[in-house]
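# Coordinates in review
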Amino acid sequence: MSSTIPLAVIGGSGFYDMPGLSQVEEAIIETPFGPTSDSIRIGTLEGNRVAFLARHGRGHVLLPSELPQRANFWALKSLGVERVLSVSAVGSLRQDYRPGHFVTPHQLIDRTRGVRASTFFGNGVVAHIAFAEPFCPAMRVATRQAVEAAGATVHRDGVYVVMEGPAFSTRAESELHREWRADLIGMTALPEAKLAREAELCYATLASVTDYDAWNEGRTVDATTVFATLAKNVATAQLAVRELAKVLPPGEGCGCRTALDSALVTQPSSIGAENRERLRPILARGLGENGMTMLVTGWVALDDIETPFGKAERSLGGSATATALAGALFTDVRILAVVGEDFPDAHRRKLEHPHIDTAGIKTIEGGKTSVWGARYSYDMNSRETWYPELGVSIAHLPPVLPEWRDSTVACLAAGHPAYQRDLIASLDSPKVTLVDTIKMFIDENPAELRETMRLADFVTLNESEARELAKLPSIARAGRSLVRRWCEDGHHQAGRIRRRPD
Ligand SMILES: [Zn+2]
């Protein structure tokens, strides 16, 4: 996964593909609310990253009442989606909103029957979102302009009644909705709009009118008529989506992105780990857990381990691997490393965690993956290490991807100190930098390493490395000496360490 996806499109009836979406990757996201309606297709459309989800599944296999909407929105949010356009087929409750026309509704009336889960909250976390304006105003304007650019008729406003379905309305119900001054009737805009607001996504519905519902005598609605008009509308909607992808509305000023600031009632300290995990993408920003993206560099390598009890050969190893997998437990991780052509696919799959962006792992043509060897003694404490194959990690030092310069935490696992320094310098404004090193670099050029340590907020050293760097045999003395020399404020071997002002 990568940092953000400015637009996601939920395709309704008939809208099962997004023509023009290129370089498509399919994401299957596990969510605490079960599987999504379909895999999420992520690609490039008109130069922007766009995600596409077929609301009813590609073969249209889910009734409106059966849609896993919480899973869908949880997954979109976890992918870094910022805006959602939901395309929905509707019936018209007024003469001038004709079949073939489009509407960007401004209001909703909920006539679902309470069988749809319509909130992420509950089970110990309480939030009441403001919902007086259920759609993002900026998205509505941009969507309307996109439909106009696609050459179709679009009406600015509409009150959309969401019914449970799957049967269409009776004539009496249709008349009733008209008396309520509703303009459109459909089956899906709720709970979508509520969940989108809870997930702090900009959300609008593009309603495509397929029929006149049941009020218009002599034009009784049936699925065949609906689907015939639908096919034409879908082609127009797809054009409109391409137009929208060209000109994304601004994300500020509408309030959607901060909807939970005034909505979350439960004290953060009362939200336990289980709920934080269940609602992770939803609550991350509000709980201050967002905005943290961890850049990890170092080795993605192979380990040969020997112990008196058994042996493992070419298992997945490397400092970057361990750091990335650990970091992914609590935040989004970007991993920058090189591997050889021999790097096994099975290992690669282990790194393809939903919270690890592996776009920075480069395979070096004709190269061999670095191998680290260790032999442990009976107590599994002391060991000897060596490098059976130094591999590509020594010679190839990948620069940070331009879109990763905004990383807020940099974990620079063992790597050449000059390279670590370059990486720190190439980040926009990292909040925390952690530098790890190994004996190889302490032996090679300690002065260069010290230069790098000056730039870091944290330096991790194991016992022997600390002794070696300080040139003192006692770990306690080595720790004190390093802290005294390198840290403004520290305590024994570890402690509060702040960058020393130059
Ligand atoms: Zn918005």
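Residues numbered from 1 in each chain as written. Predicted model: local features only at pLDDT ≥ 70, side-chain atom pairs only at ≥ 80, totals over all residues.

Looking only at helices and strands, the protein has 15 helices and 21 strands in total. Seen through its principal axes, the protein has C-alpha atoms that stretch 95 × 50 × 45 Å. (Helix = DSSP H or I, 4+ residues; strand = E, 2+ residues; numbered from the N terminus.)

Segmenting the protein into domains produces domain 1 (7–258) and domain 2 (291–460). For domain 1 and domain 2, the distance between their C-alpha centroids amounts to 44 Å. (Domains from an automatic or database assignment.)

On the basis of which strands lie adjacent, the open sheet formed by six strands has the order β16-β15-β12-β19-β20-β21 and parallel pairing. Strands with a single pairing partner mark the edges of an open sheet, and in this sheet they are β16 (356–364) and β21 (458–460). The mean inter-strand angle of the sheet, taken between neighbouring strand axes irrespective of direction, is 15 degrees. Relative to strand β19 (residues 409–412), strand β12 (residues 293–297) runs parallel, the two being bridged by four bridges. Looking across to β19, one finds that V296 is bridged to C411. (Pairing = 2+ DSSP bridges. Axes fitted to C-alpha atoms, helices over the stretch in contact; angles between N-to-C directions.)

Let us look at the sheet that holds strand β14 (residues 310–317). Across the sheet, four strands lie side by side as β14-β13-β17-β18; this open sheet has mixed pairing. Edge positions in the sheet fall to β14 and β18 (383–389), since each of these pairs with one other strand and no more. Direction aside, the axes of adjacent strands within the sheet are offset by 20 degrees on average. Here five bridges tie strand β17 (residues 371–376) to β18, and the two strands are oriented antiparallel to one another. Bridging from a neighbouring strand, A374 pairs with T385 of β18.

Attention now goes to the confidence of the model for the protein. Of all residues in the protein, 95% have pLDDT values of 70 or greater, and the mean over the chain is 89. For residues 490–502, every residue scores under 50 in pLDDT, and the model assigns this stretch 22 contacts once sequence neighbours within four places are set aside. (pLDDT = per-residue confidence, 0-100. Contact = placed C-beta atoms within 7 Å.)

Turning to its location among the elements, E148 is positioned in helix α2 (residues 137–149). Sequence separation between E148 and M453 is 305 residues; the distance between their C-alpha atoms is 57 Å.

Bringing unusual backbone geometry into the picture now. With glycine set apart, most residues show a phi of negative sign, and most peptide bonds adopt trans. In this model, G165 is joined to P166 through a cis peptide bond whose omega is 0 degrees. Checked against the element boundaries, P166 lands in the loop between β9 (159–163) and α3 (171–179). Across the junction of L190 and P191, the peptide omega takes the value 5 degrees, indicating a cis bond. On the secondary structure map, P191 appears in helix α4 (residues 189–198). For R314, which is not a glycine, the phi torsion comes out positive at approximately 50 degrees. Mapped onto the elements, R314 comes out in strand β14.

Across a regular strand the side chains alternate sides, sitting on one face of the sheet and then on the other. Two strands pair when backbone bridges link them, and strand β13 (residues 301–307) and β14 are joined in this way by six bridges, in the antiparallel orientation. Bridge pairing links E306 to K311 in β14. The turn joining β13 and β14, which pair antiparallel and follow one another in sequence, is formed by two residues.

Right, let's talk about the nonpolar core for a bit. Judged by nonpolar contacts, the single largest core of 80 residues is most densely connected at V9, A51, L85, L184 and Y203. The element that contributes the greatest number of residues to this core is helix α5 (residues 223–246), accounting for seven residues. Once you skip the residues sitting within four places of it in the chain, L184 turns out to touch V90, G91, S92, L93, Y97, V103, P105, G158, Y160, V161 and A207. With 43 residues, the next largest nonpolar core counts L302, L336, W404 and M453 among its residues. (Core = buried A, V, L, I, M, F, W, Y, C linked by C-beta atoms within 7 Å. Buried ≥ 20, exposed ≤ 12 C-beta atoms within 10 Å, placed from the backbone.)

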